[in-house]
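# Residue-level structure breakdown
Residues per chain, in single letters:
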Amino acid sequence: MSKENLELWNKVEKTNPKYTKKANVKGNNITSIAPQYQIMNATEHFGVYGQSWGFKTLDFDYSLKDEGLVSLKAVFFFPKGEFEIINSISIWRDNAKTKIDDNFAKKLETDALTKALSKLGFNADIFMGKFDDVRYVEEMRKEFAEPIKKKVLTDKQFDVLCSDKAVLANIVTALKMYEMTEAQRKVLMLKKADLEKA
C-alpha cells in the first residue's frame, strides 16, 4: 500500500480514550465515541463543518416505518472527494415497540457521520477491535495524556528553593517539578556542586 494513500488514515486512526465509553447495544458490548470529539477531530483536518466537509444531502426514507425502521441515504463530502452513506435505525426506544424515539433522526444522522468518518480512517482503532484490548487502551491513555505542567518559578521562589538543602540534595526531583530558565538551572547545579564539596 502506498504511504500517500494512508497519510490521513495514519493521522486520525488513534482515539483518545477520554472521549469514549462502553455501551451495550442490543446485547453487543461496544465502544462508543463522543460525536463532538469526532467533529472536532475532522474539523482539525478538514476545516469548518458544512463548508469544507459534512453532508451534501440527507434523504430520510420512511418506507419501512411499519417495520420500525427509518433509513438515511446521504452524500458525505470532504476536501478530496465525496461518497454515499446508507444507514438505518429503529424508531422505537423500547423492545416492546411502545415508545417512539423522538431523537431517532438526530441519532441516525450522527451514526451516519461516524460511519462516513470511519471510512476515512477516523477512530479506526475502535472499529478494528483494538479497544477490546485493555493494554492498547492504556497505551492510548498514556499517548493522549496531557503533559504535567510544571510550576513556573519567580526569582524570589527560586532563591528560596536554592536555600533549601533538601531540595539541592535531590536536584533531579527539583528539575522535574519546576519550570526553570537555563540560567536558573545552571545556578542550581552550581549550588548543588558547592553542597557536595562542603
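Just above, that's the structure.
In what follows, the accompanying structure is described. (Residues numbered from 1 in each chain as written. Predicted model: local features only at pLDDT ≥ 70, side-chain atom pairs only at ≥ 80, totals over all residues. Heavy atoms only, no water.)

## Some points on the overall build of the chain
Tallying secondary structure elements over the chain gives nine helices and seven strands in all. Here the C-alpha radius of gyration of the chain, 26 Å, is well above what a compact globule of 198 residues would show, namely 16 Å. For the C-alpha atoms alone, the extent of the chain along its principal axes is close to 90 × 40 × 35 Å. Among the 198 residues that make up the chain, the fraction classed as buried is 32%. A separation threshold of at least 6 residues defines the contact pool for the chain, and within that pool the share at least 24 residues apart is 53%. Total accessible area on the chain stands at roughly 13,800 Å², and carbon and sulfur atoms take up 54% of it. (Helix = DSSP H or I, 4+ residues; strand = E, 2+ residues; numbered from the N terminus. Rg over C-alpha atoms; globule rule 2.2 N^0.38 Å. Buried < 20%, exposed > 50% of the residue type's maximum accessible area, 1.4 Å probe, protein only. Contact = heavy atoms within 4.5 Å. Areas by Shrake-Rupley, 256 points an atom, 1.4 Å probe, with all protein chains shown as cover.)

## A short note on the packing of helix 2 (residues 35–46) against helix 3 (residues 104–119)
Where helix 2 meets helix 3, the axes come as close as 11 Å, and the angle between the chain directions of the two elements is 45°. One way to sum up the angle between helix 2 and helix 3 is to call them oblique. Note on packing geometry: the crossing formed by helix 2 with helix 3 is left-handed. Across the interface between the two elements, Pro35, Gln38, Ile39, Ala42 and Phe46 from helix 2 touch Thr110, Leu113, Thr114 and Leu117 from helix 3. Grouping the constituent residues of the contact of helix 2 with helix 3 by class yields six nonpolar, three polar and no charged. (Axes fitted to C-alpha atoms, helices over the stretch in contact; angles between N-to-C directions. Parallel < 35°, antiparallel > 145°, perpendicular 65-115°, else oblique. Left-handed = near helix turned anticlockwise from the far one by under 90°. Nonpolar A, V, L, I, M, F, W, Y, C, P; charged D, E, K, R; others polar.)

## Digging into the pattern of salt bridges
Following the criterion strictly, the structure yields eight salt bridges and no others. A salt bridge links lysine 11 to glutamate 7; its shortest N-O distance comes to 3.5 Å. With lysine 11 and glutamate 7 both in helix 1 (residues 7–12), this residue pair falls four residues apart, about one helical turn. (Salt bridge = Lys/Arg side-chain N within 4 Å of Asp/Glu carboxyl O.)

## Here's the deal with helix 3
Compared with an ideal rise of 1.5 Å per residue, which puts 16 residues at 22 Å, helix 3 spans 23 Å between its outermost C-alpha atoms and is within 8% of the ideal. Listing the buried residues of helix 3 in full gives Phe104, Leu108, Ala112, Leu113, Thr114, Ala116, Leu117 and Ser118. Tucked into the core, helix 3 has its buried residues touching helix 1, helix 2, strand 3 (54–61), strand 4 (69–78), strand 5 (81–90) and helix 4 (124–127). Immediately beyond the C-terminal end of helix 3, within one or two residues, lies glycine 121, with a positive phi of roughly 105°. (Expected span 1.5 Å × (residues − 1).)

## Some words on unusual backbone geometry
Positioned with a positive phi, asparagine 123 is a non-glycine residue whose angle comes to about 55°. When you line up the elements, asparagine 123 lands in the loop between helix 3 and helix 4.

## Concerning the side chain of asparagine 41
With respect to the helices and strands, the residue asparagine 41 is situated in helix 2. Beyond its immediate sequence surroundings of up to four residues, asparagine 41 is in contact with Val12 and Phe122.

## A closer look at the sheet that holds strand 4
Overall, antiparallel pairing links the three strands, which are arranged 3-4-5 in an open sheet. One side of each edge strand has no neighbouring strand; the edge strands of this open sheet are strand 3 and strand 5. Mean inter-strand twist for the sheet, computed between neighbouring axes without regard to direction, equals 20°. Here strand 3 pairs with strand 4 via seven bridges, running antiparallel. The residue bridging phenylalanine 55 from the neighbouring strand is phenylalanine 76, located in strand 4. Of the strands in this sheet, strand 3, strand 4 and strand 5 are in contact with helix 3, which crosses strand 5 at around 140°. (Pairing = 2+ DSSP bridges.)

## A word on the nonpolar core
Counting residues in hydrophobic clusters, the biggest one holds 21 residues, and the most contacted among them are Phe46, Trp53, Phe76 and Leu117. Secondary-structure elements contributing two or more residues to this core are helix 2, strand 4, strand 5 and helix 3. At six residues, helix 3 tops the list of elements feeding residues into this core. (Core = buried A, V, L, I, M, F, W, Y, C linked by side-chain atoms within 4.5 Å.)

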